[in-house]
Structures are given as C-alpha cells and as structure tokens.
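# Summary of the model geometry
In case you want the letters, here they are:
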Amino acid sequence: MACGFRRSIACQLSRVLDLPPENLIKSISAVPISRKEEVADFQLSVDSLLENNNDHSRPDIQVQATRLAEKLKCDTVVSEISTGRGTVNFKINRELLTKTVLQQVINDGSKYGLKSELFSGLPQKKIVVEFSSPNVAKKFHVGHLRSTIIGNFIANLEEALGHHVTRINYLGDWGMQFGKNFKHPVSSIMMPFPRRAVLLCLLGLLGTGFQLFGYEEKLQSNPLQHLFEVYVQVNKEAADDKNIAKSAHEFFQRLELGDTQALALWQKFRDLSVEEYMRIYKRLGVHFDEYSGESFYREKSQEVLKLLDSKGLLQKTVRGTAIVDLSGNGDPSSICTVMRSDGTSLYATRDLAAAIDRMDKYNFDAMIYVTDKGQKKHFQQVFQMLQIMGYDWAERCQHVPFGVVQGMKTRRGNVTFLEDVLNEIRSRMLQNMASIKTTRELENPQETAERVGLAALIIQDFRGLLLSDYQFSWDRVFQSRGDTGVFLQYTHARLHSLEETFGCGYLNDFNSACLQEPQSVSILQHLLRFDEVLYRSSQDLQPRHIVSYLLTLSHLAAVAHKTLLIKDSPPEVAGARLHLFRAVRSVLANGMKLLGIIPVCRM
C-alpha cells in the first residue's frame, strides 16, 4: 500500500543497498503536504535506515543521502529523485499517481489504508478491551464518557486491523463499601466516577432506601432517576437516623450471605441499570460483547487469596488485613492490600480474579484496560502481582490511561449526567442547523443533530493526547468552521451531495490527465498518507493522528470544492473531479467510523 508505490521504491533501493525490501518499507514515508510549495510524494529517512542497520559509526547523513540518490534511477513509477535534509525524495509519475490512488480508494472501500505493506505479516490476535464500566443503580455520569468513546475507538481500530476483539463492560456492582461508607454528602454522587471509584453506600443505602421510599411503578418507568431520588432522600435521612445506617449495613451483610430477597433486589437494580445503559450506548453507537462485573468474581477472588497464600506472598497485618509486598523490602508505596480484616476482597483481588478468568475464557493475546490516569498505580500493581503469581501472560495486559475533562456542565446546573449532555447537544445543534439558510430539509433532523453533535464531542476529546486533561468548551463544540467535528460532518455531507447531484452521469471512468492541478495533487498526496496514520494509531492507540489527518483532508476538500468546479466543466474534467471528491468522502467516512462517528449524508 500507499498503493504499492512504497514497495516499488523499496525494491529499487534493495538492489542498491543489498537489503531485503521488507527491511526498507518502514523507512519510506509519504511526505506531508505543504501549502507553500509542491513537495515530493515519498521520502527515505537515511538516519532511520542507518539505525535499522545498527551502524554506529554515524557517517554524515547528508553525504550518505546524496551518494544514495546518485545510485538510483527514475523508472515508470518514479519520475524524479532528489535529496532533502537527510532524506532521499521520490516523486511519482503524476498520471500513475492519480489513477492508482483513486482506483485503490474506490476498490478497497472501507479497507483502504489497511491493506498496506506497513501491516503485512500482521498476525491475527485475540484482544480484550475493557471500557466504560459505570456503577450500577446510578445514572450514567459524564465521568464515564471518555472511557466509553476511547475504548470504542480502540476496539474499532483493532477490529479494522483484522483482530478478534471482545468488548467487555466491567460494571461496578459489588464491594464492601456498599452499605458501609454512607457518610458522604449527597453532592459527592454528582462527581465523576471512574471505574474503580468508591461507590459510596449505594446498594446498602438503596436497599434500605427503596424499602422506605421506593415505588415499583417509578422504578419501572424511569429506574435510574428514581433510584437517584431514593438515594438522595435516604442519604439525607441517614444523617439524623442511626437506624438507617444499621439497616444499610445489615442489607449488605444479607447480600454477602446470599439472602434471597436482598439478592433479588440487587439483581433487579443491576438488570434495570444495564437496560438503561444499553439505551445510552445505542445513542453513542457503542456496543459490548459482554457485561460482567465485580460481583462475578466475589467467590473467585477467594481462590486468588488462597493462591497468593500458597505462594507465600500473602502477609497479615496487625489490623487483620492481608497485603502483598511487591517491593520485597517493605516499601510502603509498593504494598497492595488484597483482603479486608473480615476476609472480604477488594478491587485489586477481584481484578486479579477477572484477569485469570478472562485468560481461561478467551486465551487473549492482549488485554487493554481503558480508565482514567488515577488508576495507573492500581494496574501496575495488578499486573505485577499476576507476574509474581506465575502468570507470564501478565505482560500482555495494558492500561490506556486518560486525563480529566473539566467544565462539562449543562445550562441547567452542575449535575452532569451524560444523557443530559447528549440531549443538550442535540437540542442546540438542531437550533444551529435551523438557523443556517443552506440547511436542507431532513427526513430525521433529530437523528442528524445527534450524530453531528456527537462528532463534535468526540473530535474535541480526541484532538490531543489522551493522557492530557482538557477544558470542555460548548462554544467550540458548535463551531461549524475550523478543526471541529461539525466541520468534518459538513464536509462529508457536502461531498455526498455532489455525488447525488452529478454522480449518475460521471461515475463510470475518469481521465487521470484531468487531475493535475495543485489542489488535486495535494489531495492525492494526502490520501497516500492514510495508511501511515492508521499505523501510528495502531502503535500508540492515540486517535489524535487520525483526527488531525481527517481535519486536514476536510480543509483540502473545502479549497478544492471552490476551485475544481464540476458544474459547467467539460464532461471529462467533471468526471475526473467527481472521482477525486468521491475518494475524499470515502476516506473521510472510513476515518470517522474508526473514531466512533457515524457520517451524515445531509445536514
């Protein structure tokens, strides 16, 4: 791929350098476009070539580039060879470039960029991605949004690369904290809840609270909202009534002991929560292969404790808790508590049990956990404990951390539940679309508004490093110009409109000689780079490479749309330009879908 040009160049280089073409391919990259000057299409980094060959003498890079360029010759593929700063540059025959790129984009469809030489020999893997993971009996908070969309992107990308991906939603649905730590103010439940945040007294208080203040009808009609109201009320009552505290703790004890009635109520809360979450996930375009949770590993975590003990890794403290000293020398920062004084498990114990169970079930080649960066130490300890327990596959486990979103509040107040945010985005996007004179009449304006709004949300989130915190901006979300998701959707819709208007008469064949204008060449050169962008994202699991690429492609398309007219152009010219725009739209759609964005055809 890059339409076979990279391999063709590698084959010529291999004859001169006496190296296999496969050793050269990743040193040849498509050249980023430049607004100031016409650039070559590909370049060979001489520096990276020397690194690959472990040549530590480090001769003058520029001299090496010049000598290498002098030994190479132009052929039917390469029309010009030159040198840059430590590079040998290759210009592809313009008509061949045009014809090959456009044909490959259209023929490969959704697989364009994925059939690249960069991915050749890539073995199919079994990959588990754990993401989203909200807490049961609670409305979906925006604190879980990043995990959801990042995990979805990673799963999409791995699937596109041909791997077998299992998407797991590991729900926070158990823990000794249920029924004990209820002395937090009600406002604390309005804060973001990462996967392993303290779940307060949720089940204990809710079990008691529902018996006091709950209504079955309200639970069935709007379950999480009703449970939220019950929680607020019982939490308020608990501040003055110690009997409620006692009841909450007793409810959790009943759960632990397997009381039928308590478990039935817990199961009802869990089932209704999952049902509600699935409705939200549908709006986000996200799905899961498995809904599991900490409750699944309550008993298996006891087996983990026995295994740790049998290996001499479990140490009892004076308080009766059990710890694992990962440093071996008592370093407090390397001590992980795995059992409470009453013998019950903690998050770490249940995570160990879950990882072991998933290896037994899926025999994965990689398992990726997507949570906030505050969980970094937790995962380091879990992976380290798996290693010392004798599980060599622990090195296949990876934590993808992300930063915090600040300032995501709706106009109504500080309680930022995700559904409120989605509703507000849809509402405000509908208003914006209605105010634009060029907006076409839509069959389903609400669905379009939601898809455009979600694109805006995702692009704002994915533009930077995932690890970075960022300030959410409603103004930026709704900008129709600049580097925004609205602009991406608008570009895709406008190009789709071109095909609808002119496609029937022109989309049969094209004359590549009609696409030699600078605007056309810039687009073709940018299309060449798509496989490299996918490759970079596959290496570091960062969506920003794809986002940046798509935004640049949209800007190039916007310029070309103004200058490369189809209407009133000679049929041969119009047909060639239409093929170019169709290729741009196809690659835009491919990239957007990887990011979790559903492209719109009208807006």
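Residues numbered from 1 in each chain as written. Predicted model: local features only at pLDDT ≥ 70, side-chain atom pairs only at ≥ 80, totals over all residues. Heavy atoms only, no water.

Now for the sheet that holds strand S4 (residues 87-92). If you walk across this open sheet you meet the four strands as S1-S2-S4-S3, and the pairing is antiparallel. Each edge of the sheet is formed by a strand with only one pairing partner; in this case those strands are strand S1 (28-30) and strand S3 (78-83). Ignoring which end each strand starts from, the neighbouring axes of this sheet average 25° apart. As defined by bridge partners, S3 adjoins S4 across five bridges and the pair is classed as antiparallel. Following the sheet pairing, Ser82 is matched in S4 by Asn89. Helix H1 (residues 5-17) rests against S1, strand S2 (42-45), S3 and S4 of the sheet, and its axis sits at about 150° to S1. Where helix H4 (residues 61-71) meets the sheet, it contacts S2, S3 and S4, and its direction lies at approximately 155° from that of S3. (Pairing = 2+ DSSP bridges. Helix = DSSP H or I, 4+ residues; strand = E, 2+ residues; numbered from the N terminus. Axes fitted to C-alpha atoms, helices over the stretch in contact; angles between N-to-C directions. Contact = heavy atoms within 4.5 Å.)

Next up on the list: the sheet that holds strand S6 (residues 164-171). Pairing within the open sheet is parallel, and its five strands lie in the order S7-S6-S5-S11-S12. Bordering the open sheet on either side are strand S7 (290-293) and strand S12 (397-402), each of which pairs with just one other strand. Mean inter-strand twist for the sheet, computed between neighbouring axes without regard to direction, equals 25°. Here S6 runs beside S7; their pairing, made up of four bridges, is parallel. When the sheet's bridge partners are listed, Asn169 is paired in S7 with Tyr291. Contacts from helix H11 (residues 260-284) reach S6 and S7 within the one sheet, and its direction differs from that of S7 by about 135°. Contacts from helix H13 (residues 347-362) reach strand S5 (126-130), S6, S7 and strand S11 (366-372), with the element oriented near 150° to S6.

Turning our eyes to something else, we now look at the layout of surface pockets. In this approach, a probe sized like a water molecule rolls over the atoms, and the result shows the empty space that is left. In this structure, the largest pocket encloses a volume near 1,200 Å³. Contributing to the lining of the largest pocket are 49 residues, with Tyr490, Arg494, Ala558, Val559 and His561 lying nearest its centre. Put simply, the parts of the chain that give the lining of the largest pocket at least two residues each are helix H15 (418-435), helix H18 (485-506), helix H19 (518-528) and helix H21 (544-563). The element contributing the most residues to the lining of the largest pocket is H18, with nine residues. Partitioned by chemical class, the residues of the lining of the largest pocket number 24 nonpolar, 15 polar and ten charged. (1 Å grid on protein atoms, 1.4 Å probe; cavity = no way out; pocket = protein on both sides within 12 Å on 5 of 7 lines; lining within 4 Å. Points joined across faces, edges and corners; volume = space filled by probe spheres on them. Nonpolar A, V, L, I, M, F, W, Y, C, P; charged D, E, K, R; others polar.)

A full pass over the atoms with the stated rule returns five cavities of 30 Å³ or more. Space inside the second largest cavity adds up to approximately 70 Å³. Lining the second largest cavity are Lys139, Phe140, Leu224, Glu276, Tyr277, Arg279, Ile280, Phe417, Leu418 and Glu419. Taken together, the elements giving at least two residues each to the lining of the second largest cavity come down to H11 and H15. Per-element accounting of the lining of the second largest cavity gives the leading share, four residues, to H11. Of the residues in the lining of the second largest cavity, the class split is six nonpolar, no polar and four charged.

Moving on, we get to the side chain of Arg270. Here Arg270 shows up in helix H11. We classify Arg270 as buried; its relative accessible area is 7%. A distance of 2.8 Å separates the side chain of Arg270 from the side chain of Asp173, its partner in a polar contact. Residues in contact with Arg270, not counting those within four places in the same chain, are Val136, Leu171, Asp173, Tyr291, Ser292, Gly293, Ser295 and Phe296. (Buried < 20%, exposed > 50% of the residue type's maximum accessible area, 1.4 Å probe, protein only. Polar contact = N/O pair within 3.5 Å; in protein donor to acceptor, adjacent residues only side chain to side chain.)

Our next topic: the pairing of S11. Of all the seven residues making up S11, seven are buried; the element is thus mostly covered by neighbouring parts of the structure. Bridge count for S11 against S12 is six bridges, and the pairing is parallel. The residue of S12 that forms the bridge with Asp372 is Phe402. The handedness of the S11 to S12 crossover, carried by helix H14 (residues 376-388), is right-handed. (Right-handed = clockwise from strand over helix to strand, strands pointing away.)

The next subject is H19. Of all eleven residues that make up H19, nine are buried, and the element is covered over most of its length. Taken residue by residue, H19 has Ser520, Val521, Ser522, Ile523, Leu524, Gln525, His526, Leu527 and Leu528 as its buried positions.

This brings us to the nonpolar core. Judged by nonpolar contacts, the single largest core of 150 residues is most densely connected at Val88, Phe90 and Leu595. Among the elements that take part in this core, helix H22 (residues 571-595) stands out by supplying 13 residues, more than any other. Residues contacting Phe90, with those up to four places away along its chain left out, are Ile9, Leu13, Ala40, Asp41, Phe42, Gln43, Leu44, Leu72, Val78, Glu80 and Ile81. (Core = buried A, V, L, I, M, F, W, Y, C linked by side-chain atoms within 4.5 Å.)

A few words on the pattern of salt bridges. Under the defined criterion, the tally for this structure stands at 29 salt bridges. The partner of Arg283 in a salt bridge is Glu450, and the shortest N-O contact between them spans 2.6 Å. Separated by 167 residues along the polypeptide, Arg283 in helix H11 and Glu450 in helix H16 (residues 445-462) bring together distant segments of the chain. Residue Arg283 shares its accessibility class with Glu450, and that shared class is buried. Ionic pairing is found between Arg451 and Glu447, a salt bridge with its closest N-O pair at 3.6 Å. Here Arg451 pairs with Glu447, and both are found in helix H16, just four residues apart, close to one helical turn. When its relative accessible area of 38% is taken as the criterion, Glu447 is described as partly exposed. Connected through salt bridges with shared partners, the residues Glu276, Arg279, Arg283, Glu419, Arg426 and Glu450 form a single ionic network. (Salt bridge = Lys/Arg side-chain N within 4 Å of Asp/Glu carboxyl O.)

This next bit is on the packing of aromatic side chains. With the rule as written, the count across this model stands at 20 aromatic pairs. Ring centres of Phe140 and Tyr281 lie 5.5 Å apart, and the angle between their planes is 80°; this geometry places the pair in the edge-to-face category. Of this pair, Phe140 sits in the loop between S5 and helix H6 (145-160) while Tyr281 sits in helix H11; the two residues are 141 residues apart in sequence, bridging distant segments of the chain. With a relative accessible area of 4%, Phe140 lands in the buried category. The interplanar angle of 45° and the centroid separation of 4.7 Å between the aromatic rings of Tyr369 and Phe379 together place this pair among those described as tilted. Taken as a pair, Tyr369 in strand S11 and Phe379 in helix H14 lie far apart in primary sequence, ten residues in all. Just as Tyr369 is buried, Phe379 falls in that class too. (Phe/Tyr/Trp six-rings, centres within 6.5 Å; stacked < 30°, edge-to-face > 60°.)

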